[in-house]
Amino acid sequence: MEFFVISLLNGVSYGLLLFMLSSGLTLIFSMMGVLNFAHAAFYMVGAYVAYSVGLKIGFFPALFVAPVVVGLLGAAVERYGLRTVHRWGHVAELLFTFGLAYLIEETVKVIWGLAAVPYRVPAALDGHLFTLYSTSFPKLRGFMMLVALLMLLSVWLLLKRTRIGLVIQAALTHPHMAEALGHNVPRVFMLVFGGGCALAGLAGVIGGVAFITEPSMAASVGPIVFVVAVVGGMGSLAGAFLASLLIGVMQTFAIALDWSLAGMLGAIGISVNEATPLYSLWKLQISQVAPVLPYLLLVLMLIFRPKGLLGTRAD
Amino acid sequence: MLEVRDLHAFYGKSHILHGVHMTVGDGEIVSLLGRNGVGRSTTIKAVMGMVECRGSVKFKGEEMVGLKAYQVAHKGLGYVPENRDIFPSLTVRQNLLLGQKGKLESERWGMEDMFALFPRLKERADNEAGVLSGGEQQMLTLCRTLMGDPSLVMIDEPTEGLAPKIVEQVARLFEEIRKRGVSILLVEQKLAIALDISERLYVMGHGHIVFEGKPRDVREDAAMRKEWLEV
């Protein structure tokens, strides 16, 4: 029970962090048709900027400043890069964001160095939120959940309750028609791209303290964010939310479980030992295959339900 | 009001319009006729800034070629697409609000005017637009564009696939639009309607204008109709 509740909480908080990342990716994809390979790089920039800015003004002000900086960077990338590349089609856009990811990573290395920076948990978030039986749940994890939920709520309110949200929703599916009605769709694209990057930056501010702020941090979440977007359904925020939680929880449980096929077969009376063919496969523990599980899910999803959990477009 | 001169338009490498000349006056209803594929829809899309084009489009004396579609819309040109391009997952009311260019309703048209003209839209105001019938969607696209208060509205094939009763309603709306001082450029397949409501007509063939005249001229010129219109 204790294991279950704590793993679930850890899984949900990790899932919510994934959602902060994948929501921006999904918004950008559904509106512009651009699969932004550099998305995780913006997450990393968020962490580094928050670290540097935080040294001067503290963690909590940096929590607001860093996403704004990353958002402006994203908007500039859209305005002066993507918009020009757009006319050469989606493949060119894809290659552009692919190159951009490396460019950002190398720039980060030049500015902050190759080693991890000492971006630490602020005192207010250090320590335990509560202790359940004998396991404690860190404050930082709770804060991560709080920020993600507040972000979800604000994005939802922005999309559903404001005029610009209405225009965004219209431009998501029918950009040409929205523009013919007099809405400045290119500017909306820039706002959405910048906004999506700002969300990634926000995730970085938190992910940076929760994990390690180093140049490889983009590469460590990048692929998983794509899995979330595909499994959830390209272009569906609700799908991204569901898939983030699913993958977050799945990952956390899988890492903690030492079950293996050999053990399970043993439990029902079938003995598996060194003499059994492929013994090394049978004795693999779930925790050992945990990193592969999301990609397995991705592959299965693409085969059996290519539009994802809640996706609306099949292409 | 609208003066199109030597307009050429392109889709990728294919050259669709080969020098179109036409005008629409204040408060005038003008129809653009022709068989499928001669470039009627492309003409109004080009005026709207939605396809790559060359030449001159003067609206109220201002050059439109080179402007983006949203800028053209802000100058007072309205566009009603032929494929009933509503926003299907949004409600009827939200669709109408999106027609508005700012937060406020225009003086000429408001939400209540649309509901008075088409009570059906009022009944379905909070339904998703995607579940409306074809005729209702057509009314919605028309009303949505009017909410933006254009002084010239370009309408592409509004009666295609509609039941006769709804066609009548649409024709009544055209009268209402003209009464409020808005010009109409209509792309229409049904010759009877076009002759009935237009003051002048243009006929297109192979990417340019092949005939210009009043409804009477079209009725009298059987040879022209046979060559350019009848299937």
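On a predicted model such as this, the values are computed, not experimentally measured, just so you know.

Caption draft 1: Looking closely at the overall build of chain A. The helix and strand inventory of chain A stands at 14 helices and 2 strands. Taken over C-alpha atoms, the radius of gyration comes to 21 Å for chain A, in line with the 20 Å a tight globule of 315 residues would show. Considering only C-alpha atoms, chain A reaches an extent of 70 × 45 × 40 Å along its principal axes. Per-residue burial over chain A gives 44% buried out of 315 residues. Long-range contacts, defined as pairs at least 24 residues apart, comprise 77% of the intrachain contacts of chain A with a sequence gap of at least 6.

Caption draft 2: Highlighting the interface of chain A and chain B. Contact residues are listed per partner, giving 16 residues for chain A and 21 residues for chain B. Elements with a contribution of two residues or more to the side of chain A that touches chain B: α6 (163-173) and α7 (175-180) of chain A. Among the elements that line the side of chain A that touches chain B, the one with the most residues is α6 of chain A, at 6 residues. Among the residues forming the side of chain A that touches chain B, the class breakdown is 7 nonpolar, 7 polar and 2 charged.

Caption draft 3: Structural context of the sheet that holds strand β6 (residues 77-80) of chain B. Residue and element names in this part refer to chain B. Strand order in the open sheet formed by 6 strands is β6-β7-β8-β3-β9-β10, with mixed pairing between adjacent strands. Looking at which strands have only one partner, the edges of the open sheet turn out to be β6 and β10 (208-213). In this sheet, adjacent strand axes meet at a mean angle of 20° when their direction is disregarded. Examined bridge by bridge, strand β7 (residues 152-156) and strand β8 (residues 183-187) share 5 bridges and lie parallel to one another.

Caption draft 4: Focus on the packing of helix α3 (residues 92-99) of chain B against helix α6 (residues 134-147) of chain B. All names here are of chain B. Interhelical geometry of α3 versus α6 gives an angle of 40° and a closest axis separation of 6 Å. Put simply, α3 runs oblique to α6. Residues Val-92, Asn-95, Leu-96, Leu-98 and Gly-99 of α3 pack against Leu-140, Cys-143, Arg-144, Thr-145 and Met-147 of α6. Across the contact of α3 with α6, the residue classes break down as 6 nonpolar, 3 polar and 1 charged.

Caption draft 5: Representation of the sheet that holds strand β2 (residues 14-24) of chain B. In space, the 4 strands of this open sheet follow the order β2-β1-β4-β5 (chain B), with antiparallel pairing throughout. Each end of this open sheet is capped by a strand with a single partner; those strands are β2 and β5 (62-63) of chain B.

Cut-offs and rules
Residues numbered from 1 in each chain as written. Chains lettered and ligands numbered in written order. Predicted model: local features only at pLDDT ≥ 70, side-chain atom pairs only at ≥ 80, totals over all residues. Helix = DSSP H or I, 4+ residues; strand = E, 2+ residues; numbered from the N terminus. Rg over C-alpha atoms; globule rule 2.2 N^0.38 Å. Buried ≥ 20, exposed ≤ 12 C-beta atoms within 10 Å, placed from the backbone. Contact = placed C-beta atoms within 7 Å. Nonpolar A, V, L, I, M, F, W, Y, C, P; charged D, E, K, R; others polar. Pairing = 2+ DSSP bridges. Axes fitted to C-alpha atoms, helices over the stretch in contact; angles between N-to-C directions. Parallel < 35°, antiparallel > 145°, perpendicular 65-115°, else oblique.

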